[in-house]
Amino acid sequence: MPDIVLDRYHSGAWHIAPDGGGASAAPEEKYLGHLADLTDVLGEHLGDVTIRSIDTEWEADALDGADLLVLTLPTADEPLLTARDLELLRGHLASGRGLLVLGGSALDTGPCELSGLVPGLVLDPGFVSVRQEPPAGHLLTYSVSADALPGHPVTEGVEKLYLHRARSLTLTGSEVTGVAARDGRLLAAAGEVDSGRIVVLGGGELFALPFLGRADNARFLLNTLSWLLTGQYAPAGSELAKTITHERCFTVRSFPPEEDLAQVEGPHVVDARPYRSLLERIGGGLLPDPYRDQAAFLVEAELRFDEMPRVIREAVTTFRHRSNDYEGLLVRGLPVDAELPATPTDPGRQVDKSTWLSELWLAGFASALGFPLAYLQEKHGLLFQNVAPTPHNAANLSSESSAILLDFHTETAFHPHMPDFLMLHCLRSDHDGIARTILASVRMALPHLTLADRCELFLPQFRTGVDFSFGSANGVQGNGPTLPVLYGNPYDPYMTFDLDLMVGETPHAQQALEALRSAVNKVRRWVRLSQGDLLIVNNRRAVHARSEFPARFDGRDRWLQRVCLVSDPVPSAADRRGSGRVVETAFAV
């Protein structure tokens, strides 16, 4: 039975390590894209293989019985390879076994001398980079494609590799030969050394989950491991690679199965009810009118938020910095205005109230998260928007609907200044208490997508639609901008998705979109908002929805107030008049 050893003592951050990341990382901070288990990826492709890891300093017998050692070169803050380590590695090769060496993905300043293993081999400093496509041609990217060099078993059936944060290799000896290159720079080498077989890569992230599905990386992985173990390339490698990229999904972490977020313990829920007397004091006294003197009201709300209990402020600040797996924060039981008027029949108009508690909580929490703003076409530019059912929009794709499911969407996904956060504050729940606000986070959805689908979703080939409330005909798909669905950190990405109004521009893109539709529905979580509850949604990492519910239109229907906010006010400044907060971007629909 072949035995594969992963060295995690010198290279705990390599992404084929069993826990998907460094042991010190908090669960929500671990990258979700890295390979959780090499066995899970390879399955039966290499036959009966044992995979184990070394988590402590090497002992003399550390490599006993290892047919293949996978080693990521240490970075500046990791334990260095000692003379004793190199002696063990040379002995490992001399015994006719395999060694896979991966360049680390952290920024280093100097070259890494590998002549102790392979005479004349040096890992160059700095990552290989290329110009980005116009209009960003003045910028460089560390994600590059490389040509596979024919003539070696590891490149059998391989034409292109896709590498992320990889270094080039300088090779002056003859024990190994180049097997991949970009613009004349070697990025991978392989050969036989001291009776053993070795493959050296400028970076190991081509085998991480988001990149394993690109180019011919999966086929190259199969060939590399097969050759290091047996001296032959992987038989039927193209079919096996397609299975890995197009048919398999990879689960890195598990999540509680409970769908009701209020029933799951964790940082996504904070209870304000124990602090009710303090909160009532904070909300008491005179306040500027939030509609007639908005600037003064926002300043006062920010000052009063500073008086909130530390546990609440800490939860909000932590959510802003680190978010959580559900990409939502539920604050339960804030005090509500003592004399609430009837649920508005025209949610696009200001509601006269004798007190401004709901606006105070929304403005205060917004001050801790970013810059609250409004949209001219949405509720006539109100900053504090009323969300309530209306008879004429009961079956439209609108926040005023009630008879239909308002399906998963990123809030104003089509907008160049879409909100980073969305806040929903419940002033009055629905009559029957059945309306559900539903979330689905990108972190939870990723494990339900194949690598091929993830690659498609990162491409700018999805056209979304402009919302009904912004002047678009109801249900029109694809009359908005073309954009990628996933973007940002390839391991822990952001997501823009509108299930009803987005279409893929190619058959593969549409297939990936349907896969994401299935994935978000598999991981949906929900909460029934009660009076006084405030739900904050990370609009760049979660899509949200709302179930249908019976509306009676009797003045006592469900009533929420909503505020949108951005982390940075600068990008929208040109579309806001003066120092105002109403975004006036116009749409040709």
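Our subject in this report is the structure included herewith. (Residues numbered from 1 in each chain as written. Predicted model: local features only at pLDDT ≥ 70, side-chain atom pairs only at ≥ 80, totals over all residues. Heavy atoms only, no water.)

## Some thoughts on the overall build of the protein
Move 1: Helix and strand counts for the protein stand at 12 helices and 31 strands.
Move 2: What you see for the protein is a C-alpha radius of gyration of 28 Å, in line with the 25 Å of a compact globule of 589 residues.
Move 3: A principal-axis box enclosing the C-alpha atoms of the protein has dimensions of 85 × 50 × 45 Å.
Move 4: For the protein, long-range pairs separated by at least 24 residues make up 74% of all intrachain contacts whose partners lie at least 6 apart in sequence.
Move 5: By element, 50% of the accessible surface of the protein is carried by carbon and sulfur atoms, the whole surface being about 23,700 Å².
Move 6: Taking the 51 positively charged and 76 negatively charged side chains of the protein as two groups, their mean positions are separated by 5 Å. (Helix = DSSP H or I, 4+ residues; strand = E, 2+ residues; numbered from the N terminus. Rg over C-alpha atoms; globule rule 2.2 N^0.38 Å. Contact = heavy atoms within 4.5 Å. Areas by Shrake-Rupley, 256 points an atom, 1.4 Å probe, with all protein chains shown as cover. Lys, Arg positive; Asp, Glu negative; His and termini not counted. Charge placed at Lys NZ, Arg CZ, Asp CG, Glu CD.)

## Here's the deal with the pattern of salt bridges
Move 1: Enumeration over the complete set of coordinates arrives at 23 salt bridges.
Move 2: Salt-bridge contacts for Asp271 lead to Arg273; the nearest nitrogen and oxygen are separated by 2.8 Å.
Move 3: Across the pair Glu359 and Lys353 runs a salt bridge whose closest N-O atoms are separated by 2.8 Å.
Move 4: What you see here is one network of salt bridges that share partners, running through Glu327, Arg443, Asp492 and Arg541. (Salt bridge = Lys/Arg side-chain N within 4 Å of Asp/Glu carboxyl O.)

## Quick word on the sheet that holds strand S21 (residues 437–441)
By definition, the strands of a sheet pair up through backbone hydrogen bonds, in either a parallel or an antiparallel sense.
Move 1: Strands sit in the order S19-S29-S21-S27 across an open sheet of four strands; the sheet is antiparallel. Both outer strands of the open sheet, strand S19 (406–409) and strand S27 (525–527), are each paired with one neighbouring strand and no more. Each strand of the sheet is rotated relative to its neighbour by a mean of 20°, with strand direction disregarded. (Pairing = 2+ DSSP bridges. Axes fitted to C-alpha atoms, helices over the stretch in contact; angles between N-to-C directions.)

## Describing the nonpolar core
Move 1: Leu457, Val485 and Phe497 are the most contacted members of the largest nonpolar core, which has 54 residues in total.
Move 2: Here the element with the most residues in this core is helix H12 (residues 507–522); it accounts for seven residues.
Move 3: Setting aside residues no more than four positions away along its own chain, Phe497 makes contact with Phe408, His409, Thr410, Val485, Met502, Leu513, Leu516, Arg517, Val520 and Val543. (Core = buried A, V, L, I, M, F, W, Y, C linked by side-chain atoms within 4.5 Å. Buried < 20%, exposed > 50% of the residue type's maximum accessible area, 1.4 Å probe, protein only.)

## A few points about the layout of surface pockets
Move 1: Approximately 590 Å³ is the volume found for the largest pocket.
Move 2: Taken together, 36 residues form the lining of the largest pocket, with Ser398, Ser399, Glu400, Leu406 and Arg562 sitting closest to its centre.
Move 3: Elements represented by at least two residues in the lining of the largest pocket include exactly S19, strand S20 (421–428), strand S29 (542–546) and strand S30 (559–566).
Move 4: Each residue belonging to the lining of the largest pocket can be placed in one class, and the counts come to 12 nonpolar, 12 polar and 12 charged. (1 Å grid on protein atoms, 1.4 Å probe; cavity = no way out; pocket = protein on both sides within 12 Å on 5 of 7 lines; lining within 4 Å. Points joined across faces, edges and corners; volume = space filled by probe spheres on them. Nonpolar A, V, L, I, M, F, W, Y, C, P; charged D, E, K, R; others polar.)

## Focus on the sheet that holds strand S23 (residues 482–483)
Move 1: As summarised here, the arrangement of the three strands in space is S23-S22-S26, forming an open sheet in which the pairing is antiparallel. What marks the edges here is a single partner per strand, and that holds for S23 and strand S26 (503–504).
Move 2: When strand S22 (residues 462–463) meets S26, the two strands line up antiparallel, connected through two bridges. Within the sheet, the bridge partner assigned to Phe462 lies in S26 and is Gly504.

## Overview of helix H8 (residues 310–322)
Move 1: Helix length check: H8 (13 residues) gives 17 Å between terminal C-alpha atoms against 18 Å at 1.5 Å per residue, within 8%.
Move 2: When H8 is considered as a whole, its buried residues turn out to be Ile312, Ala315, Val316 and Phe319. For H8, the angular spread of the buried residues around the axis is 95°, confining them to a single face. Seen from the buried face of H8, the exposed residues on the opposite side, beyond 90 degrees, are Arg310 and His321.
Move 3: The secondary structure elements touched by the buried residues of H8 are strand S15 (269–271), helix H7 (294–305), strand S16 (328–332), helix H9 (357–369), S20 and strand S28 (534–538).
Move 4: Immediately downstream of H8, the backbone of Ser323 shows phi near 55°, a positive value. (Expected span 1.5 Å × (residues − 1). Arc of directions from axis to C-beta.)

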